[in-house]
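Observations on the model geometry
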Amino acid sequence: MRQLLPDPSPEADLVAVYGGPRAPRPGRPWLLANMIASADGSAALEGRSGGLGGPADRQVFHLLRSLADVVLVAAETVRVERYRPIREPRPVPVAVVSRSLALDLTQPLFAEAPARTIILTCEAADPGRRRQVAAVADVVVAGDEAVDPVLGLAALAERGHEVALCEGGPRLLAQLVAAGLVDELCLTVSPLLAGGGGPRILSGTVPAAPVRLVLDAALEDEGFLLLRYLIARAEPSAGTDVGG
Ligand SMILES: NC(=O)c1ccc[n+]([C@@H]2O[C@H](COP(=O)([O-])OP(=O)(O)OC[C@H]3O[C@@H](n4cnc5c(N)ncnc54)[C@H](OP(=O)(O)O)[C@@H]3O)[C@@H](O)[C@H]2O)c1
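Residues numbered from 1 in each chain as written. Predicted model: local features only at pLDDT ≥ 70, side-chain atom pairs only at ≥ 80, totals over all residues.

1. Overview of the domain arrangement of the chain
In terms of domain boundaries, the chain breaks down into domain 1 (29-69 + 163-233) and domain 2 (74-161). Between domain 1 and domain 2, the C-alpha centre-to-centre distance is 21 Å. Contact with domain 1, which involves 19 residues of that partner, is made by 15 residues of domain 2. Breaking the side of domain 1 that touches domain 2 down by element, the ones donating at least two residues are helix H2 (55-67) and helix H7 (170-178). Residue contributions to the side of domain 1 that touches domain 2 peak at 4 residues, all from H7. (Domains from an automatic or database assignment. Contact = placed C-beta atoms within 7 Å. Helix = DSSP H or I, 4+ residues; strand = E, 2+ residues; numbered from the N terminus.)

And the structure:
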C-alpha cells in the first residue's frame, strides 16, 4: 500500500497513519467512522458492502477495530451483514442501535460474544422484547421515540469507552454527523462504478450545513483509495430528517 499524503512513500506505515492518539471528547468517546463507497458513491452492491472491498480495505478495517474499545453499528447493518462478535486482537463489544429490537438473538453476536453485546435502544421499544434482549445483551435506553445519538454516546462513555468506531450503516452515520458527534472519517473509495440506487455513506438525516472535512492522509492500493479525514466542524447541529 503506498502513501500519497501527507508524505509520499512507496510503503505506507499504517500504524503511523491510523494509530495516533485519540482522546475522548467531553461526555463522549472519540468517534471515528469507517466506510466504503464505489467511485460513484454507492455504499452497497446488491444490498451489502462486501463486494466493494479489497485486501487493503480489509487490512484497515481490522486495524481500526484494534484501535477502538467499542464498535457502534446500526441494526439494519447487523441484519444484512450478519455481524459477528469481535475477538481479535482482543474482544471488543459491539453496540447495536435499534428501536424494533428485531434481531436474531441466537446468532453468535449474542450467544457467543466474549465481550457482551450492548443494545442502544429507546423507551418506545417493546418492553417484552427488551426483556428478551436483556437476557443476552446489555440493554441501554438512550432516548424516547428513537435513540438520541448524544445520549447513546454518553452511555458508552459512562461504561468507560474512550474510542468508538462506527461501522454504519448510512442512516445511523447521518444522524451522528448531523449531531456533530463524528470526529474522524476513514473512507475507502473502491475503483468500481456501481450504478443503481444504493445508499450513499450518509442517508436520511441531513446536517444543518455541509460538514467540512480535512484530509489527513491518503493511501492507494490496487486502485483503492484509502482516505483519512478529520471533521473540521465543532458545533453540534440538530439536522433535518428527510426520511429513508
Ligand atoms: N459502505 C459501507 O461502508 C457500509 C457500512 C455499513 C452498512 N452498509 C450498507 O448499508 C445498508 C444498511 O444501512 P441503512 O442505512 O439502511 O441502515 P442502518 O443505519 O444500518 O440501520 C438502520 C436501523 O438502525 C436502527 N436505528 C438507526 N437509527 C436509530 C435511532 N436513532 N434510534 C433507534 N434505532 C435506530 C433502526 O433499527 P430497527 O429497525 O431495528 O429499529 C434502523 O432501522 C446495507 O446495505 C449495508 O450493507 C454499508
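2. Focus on the site of the ligand
Every one of the 31 residues lining the ligand counts as a neighbour, but Ala74, Ala75, Glu76, Gly168 and Gly169 are closest to it. Of the residues belonging to the shell around the ligand, the class tally is 16 nonpolar, 9 polar and 6 charged. Counting the residues that make up the shell around the ligand, at least three belong to each of domain 1 (29-69 + 163-233) and domain 2 (74-161). (Near = placed C-beta within 6 Å. Nonpolar A, V, L, I, M, F, W, Y, C, P; charged D, E, K, R; others polar.)

3. Focus on helix H6 (residues 149-158)
Those residues of H6 lying buried are Pro149, Gly152, Leu153, Ala155 and Leu156. Angular distribution of buried residues about the axis of H6 spans 150°; they occupy a single face of the element. Gly160 sits one or two residues past H6 and shows a positive phi near 95°. (Buried ≥ 20, exposed ≤ 12 C-beta atoms within 10 Å, placed from the backbone. Arc of directions from axis to C-beta.)

4. Regarding the sheet that holds strand S8 (residues 184-190)
Read from one edge of the open sheet, 10 strands run S1-S10-S11-S8-S2-S7-S3-S4-S5-S6, paired in mixed fashion. Strands at the two margins of the open sheet, each flanked by one partner only, are strand S1 (2-5) and strand S6 (138-141). Strand after strand, the sheet turns through a mean of 20° between neighbouring axes, direction not considered. For strand S5 (residues 118-121) and S6, the ladder comprises 4 bridges, and the chain directions are parallel. The partner of Leu120 across the bridge, within S6, is Val140. (Pairing = 2+ DSSP bridges. Axes fitted to C-alpha atoms, helices over the stretch in contact; angles between N-to-C directions.)

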